[in-house]
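Next come the chains, spelled out residue by residue.
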Amino acid sequence: GAGVSQSPSNKVTEKGKDVELRCDPISGHTALYWYRQRLGQGLEFLIYFQGNSAPDKSGLPSDRFSAERTGESVSTLTIQRTQQEDSAVYLCASKLGSNQPQHFGDGTRLSIL
Amino acid sequence: RKEVEQDPGPFNVPEGATVAFNCTYSNSASQSFFWYRQDCRKEPKLLMSVYSSGNEDGRFTAQLNRASQYISLLIRDSKLSDSATYLCVVTSTGGGNKLTFGTGTQLKVEL
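So, here's what we can say about the structure.

### Here we look at the interface of chain B and chain A
Residue-level contacts link 18 residues of chain B with 21 residues of chain A. Roughly 1,600 Å² of surface becomes buried between chain B and chain A when both sides are summed, with 51% attributable to carbon and sulfur atoms. Counting across the interface, chain B meets chain A through 0 salt bridges. The interface formed by chain B and chain A contains 2 residue pairs in polar contact (both at pLDDT 80 or more). Elements with a minimum of two residues in the side of chain B that touches chain A: β4 (30-38), β9 (84-92) and β10 (99-101) of chain B. The greatest single-element share of the side of chain B that touches chain A, amounting to 5 residues, is contributed by β4 of chain B.

### Examining the state of the cysteines
Structurally, a disulfide amounts to a covalent bond that connects the sulfur atoms of two cysteines. Residue and element names in this part refer to chain A. Counting across every chain of the model gives 2 disulfides over all chains. Put simply, C23 and C92 are joined by a disulfide, and their sulfur atoms are 1.9 Å apart. A torsion of -65 degrees about the S-S bond marks the disulfide between C23 and C92 as left-handed. Of this pair, C23 sits in strand β3 (residues 19-24) while C92 is found in strand β8 (residues 88-95), placing the two residues 69 residues apart along the sequence. Classification of C23 as buried rests on a relative accessible area of 0%.

### Some details on the pairing of strand β6 (residues 65-69) of chain A
Working note: regular strand, side chains alternate between the two faces of the sheet. Residues and elements named next belong to chain A. Of the two faces of β6, only the one carrying F65, A67 and R69 is buried; S66 and E68 on the other face are not. As judged from the 5 bridges shared by β6 and strand β7 (residues 75-79), these two strands associate in the antiparallel manner. Bridged to E68 within β7 is T76. Remark: 5 residues form the turn of the hairpin made by β6 and β7, two consecutive strands paired antiparallel; G71 in that turn has positive phi of roughly 60 degrees.

### Details of the environment of N22 of chain B
Position of N22 of chain B among the secondary structure elements: in strand β3 (residues 19-25). Residues N22 of chain B and Q63 of chain B lie 41 residues apart in sequence; the distance between their C-alpha atoms is 9.5 Å.

### Let's talk about unusual backbone geometry
With an omega of -10 degrees, the peptide bond between S7 of chain A and P8 of chain A qualifies as cis. As for its position among the elements, P8 of chain A is in the loop between β1 (5-7) and β2 (10-13). The omega angle of the peptide bond from G9 of chain B to P10 of chain B is 5 degrees, so this bond is cis rather than trans. Here P10 of chain B lies in the loop between β1 (4-6) and β2 (11-14). One non-glycine residue, Q69 of chain B, adopts positive backbone phi at about 55 degrees. Among the secondary structure elements, Q69 of chain B is positioned in the loop between β7 (60-65) and β8 (70-75).

### Brief notes about the sheet that holds strand β6 (residues 55-57) of chain B
Residues and elements named next belong to chain B. Read from one edge of the open sheet, 5 strands run β1-β3-β8-β7-β6, paired in antiparallel fashion. The sheet terminates laterally at β1 and β6, the two strands that pair on one side only. Neighbour to neighbour, the strand axes of the sheet diverge by 20 degrees on average, direction disregarded. Across 6 bridges, the pairing between β7 and β8 is antiparallel. Across the sheet, the residue bridging to L64 is I71, located in β8.

### Topic: the pattern of salt bridges
Residue and element names in this part refer to chain A. Under the definition given, this model contains 8 salt bridges over all chains. For R22, the salt bridge goes to D24, with nearest N and O atoms at 3.0 Å. Judged by its relative accessible area of 37%, R22 falls in the partly exposed class. In this structure, D86 and R64 form a salt bridge, with 2.8 Å as the shortest nitrogen-oxygen distance. Of this pair, D86 sits in the loop between β7 and β8 while R64 sits in the loop between β5 (44-50) and β6, and the two are 22 residues apart along the sequence. In this pair, the class of D86 matches that of R64, namely buried.

### Looking at the layout of surface pockets
Think of a ball as big as a water molecule: rolled over the atoms, this probe shows where empty space is left. Roughly 860 Å³ of volume is contained in the largest pocket. Lining of the largest pocket is provided by 34 residues; of these, Q37, G40 and Q41 of chain A together with Q38 and R41 of chain B occupy positions nearest its centre. Where the lining of the largest pocket is concerned, the elements lending two or more residues are β8 and β10 (108-112) of chain A together with β9 of chain B. Its boundaries defined by the atoms lining it, the second largest pocket holds a volume of some 280 Å³. L43, E44 and F45 of chain A together with T100 and F101 of chain B are, among the 15 residues lining the second largest pocket, the residues nearest its centre. Looking at the lining of the second largest pocket, the elements with two or more residues in it are β5 of chain A together with β10 of chain B. Per-element accounting of the lining of the second largest pocket gives the leading share, 3 residues, to β10 of chain B. When the residues that make up the lining of the second largest pocket are grouped by side-chain class, the tally is 6 nonpolar, 5 polar and 4 charged.

Reading guide: rules and limits
- Residues numbered from 1 in each chain as written.
- Chains lettered and ligands numbered in written order.
- Predicted model: local features only at pLDDT ≥ 70, side-chain atom pairs only at ≥ 80, totals over all residues.
- Heavy atoms only, no water.
- Contact = heavy atoms within 4.5 Å.
- Buried area = accessible area lost by both parts, 1.4 Å probe.
- Salt bridge = Lys/Arg side-chain N within 4 Å of Asp/Glu carboxyl O.
- Polar contact = N/O pair within 3.5 Å; in protein donor to acceptor, adjacent residues only side chain to side chain.
- Helix = DSSP H or I, 4+ residues; strand = E, 2+ residues; numbered from the N terminus.
- Disulfide = S-S within 2.5 Å.
- Buried < 20%, exposed > 50% of the residue type's maximum accessible area, 1.4 Å probe, protein only.
- Pairing = 2+ DSSP bridges.
- Axes fitted to C-alpha atoms, helices over the stretch in contact; angles between N-to-C directions.
- 1 Å grid on protein atoms, 1.4 Å probe; cavity = no way out; pocket = protein on both sides within 12 Å on 5 of 7 lines; lining within 4 Å.
- Points joined across faces, edges and corners; volume = space filled by probe spheres on them.
- Nonpolar A, V, L, I, M, F, W, Y, C, P; charged D, E, K, R; others polar.

Okay, here's the thing in structure tokens:
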């Protein structure tokens, strides 16, 4: 497809389980971002990938969160030992280059029971 | 002080009204500016970029004041379908060209 694709669209899991979220950026987009948005809150930056450079992990809230991206392709965000406070929509965005706008996926709605 | 600040609203306006949102940013090195629109429980979608000279797209006008470090969005002849949260977004080349989002201004257009 032409847009950013995220999967799954919804995920419900028990506290303590690990989850993996996937993002397929727009083809050719060198930059990829992960955000978290809790209900009624603004967007919270998590991590940023730019080409083969070291990612900017400054937004990851704890060491339970990690993300990977191979080259300029798919990225996965992993949350280990999930907590109820991790419940949120996780949004992925990609962009073509500097000073270009980001294009968002539909998000993964994560619910921790 | 937050990097990007917006009045959270809500702004409740009648259909056909003109409404303006302001946004201030703290990083003078900021390079690019955007307005995004976010509908309830949906992802943000780009509304328009903001250029130094100001720019217009139909009923929407965006302006940038670098000296005062604020950005504005004007919506004329508002429609019911304009009801959404409007996010001010700022980027700078430092720190990996990271985007910083405001928390958004909620607009409700009523009959």
